[in-house]
Amino acid sequence: MDLETLKKEVLSCKKCPLYETKTNYVVGEGNKNAKIMLIGEAPGYNEDQTGRPFCGAAGKVLDELLNSIEIAREEVYITNILKCRPPGNRDPKPEEVKACSPYLDRQIEIIKPKIICSLGNHATSYVFKKFGLNDKLSGISKLHGQVFEVSTLFGKIKIIPLYHPAVATYNANMLNTLKEDFKVLKEL
Ligand code: URA
Ligand code: SF4
């Protein structure tokens, strides 16, 4: 199984009703050998229009953050829990996460990242449960910037929860907090 095969599969997915309201599937993009994988929540308006993850306002913030630690967007892999946009950017429903997350699981298995950054509460909750960190799960305001080491079938990896870059589009202080947290990523 490779990323191209997986992508083809997603591009015809009808496993949940979101395929009917989306414009484009947003599978993910970046380096298939990435050491760092960034996981967001779901496509927003711009992502839905273009089929590319984090290409709108939140994406601009993400680019600025990667820039601030001199990591190119092309070096990392960026995706979301849901591959289709929930109408009006509402929160993902548990049944949608259940239907869609096997794609994310397979992306993780193929890429085998050394570091996973979960962006925001939804992604952090999914990643923590997936990697057996249930007892450590808390809100993102408490977890952001902390490093959690877990064992996987492909070795030990680090999980770093971060604020969702979208928060910095409406709260300027958050950009500084995010920049500080990205320094942790740089050090690793
Ligand atoms: N927010 C997300 O969670 N993902 C995107 O791709 C864009 C905005
Ligand atoms: Fe399939 Fe995921 Fe889109 Fe639902 S959100 S239709 S599971 S790709």
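Located above this text is the structure these notes cover.
Along each chain, numbering runs from 1 in the same order as the chain's sequence is written. The lettering of chains begins at A and the numbering of ligands begins at 1, in the order of writing. Two thresholds apply to this predicted model, a pLDDT of at least 70 for residue-level local features and 80 or more for giving and counting side-chain atom pairs, whereas whole-chain, interface and lining totals are computed over all residues. Derived side-chain values reflect all non-hydrogen atoms in the structure, with water molecules and hydrogen atoms excluded from consideration.

**Notes on the packing of helix α1 (residues 3-10) against helix α5 (residues 94-111)**
Reasoning step 1: Remark: α1 packs on α5, axes separated minimally by 10 Å, with the N-to-C direction vectors making an angle of 170°. By the criterion of interaxial angle, the relationship of α1 to α5 is roughly antiparallel. Contact with α1, carried on its side by L3, L6, E9 and V10, involves Y103, R106, Q107, I110 and I111 of α5 and no other residues of that element.
Reasoning step 2: By residue class, the composition of the contact of α1 with α5 is six nonpolar, one polar and two charged. Fitted lines through C-alpha atoms give the axes, limited to the stretch in contact for helices. The angle between two N-to-C directions lies from 0 to 180 degrees. The helix count covers DSSP runs of H or I at least four residues long, the strand count covers runs of E at least two residues long, and both are numbered beginning at the N terminus. Roughly parallel refers to an angle under 35 degrees, roughly antiparallel to one over 145, roughly perpendicular to one between 65 and 115, and oblique to any angle outside these ranges. The contact criterion used throughout is that any non-hydrogen atoms of two residues lie within 4.5 Å. Residues are grouped as follows: Ala, Val, Leu, Ile, Met, Phe, Trp, Tyr, Cys and Pro are nonpolar; Asp, Glu, Lys and Arg are charged; all remaining types, including Gly, are polar.

**Section: the site of ligand 2**
Reasoning step 1: Surveying the vicinity of ligand 2 reveals the residues C13, K15, C16, Y19, Y25, K83, C84, A99 and C100.
Reasoning step 2: Taken together, the residues that form the shell around ligand 2 break down as seven nonpolar, no polar and two charged. Near, as used in this document, describes a residue that has one of its heavy atoms within 4 Å of the molecule or strand being considered.

**What about the site of ligand 1?**
Reasoning step 1: Every residue close to ligand 1 is listed here: G40, E41, A42, E47, P53, F54, N80 and H164.
Reasoning step 2: Polar contacts here mean pairs of N or O atoms no more than 3.5 Å apart (in protein, one a potential hydrogen donor and the other a potential acceptor; neighbouring residues in sequence count only if both atoms are side-chain atoms). At 3.0 Å, a backbone N or O of A42 approaches a nitrogen atom of ligand 1.
Reasoning step 3: Look at ligand 1: alone it shows 230 Å² of surface, and the protein chains cover 91% of it.
Reasoning step 4: Looking at the shell around ligand 1 residue by residue, the classes come out as three nonpolar, three polar and two charged. Only the protein chains shown count as cover for residues, with accessible areas throughout obtained via the Shrake-Rupley method and a probe of 1.4 Å.

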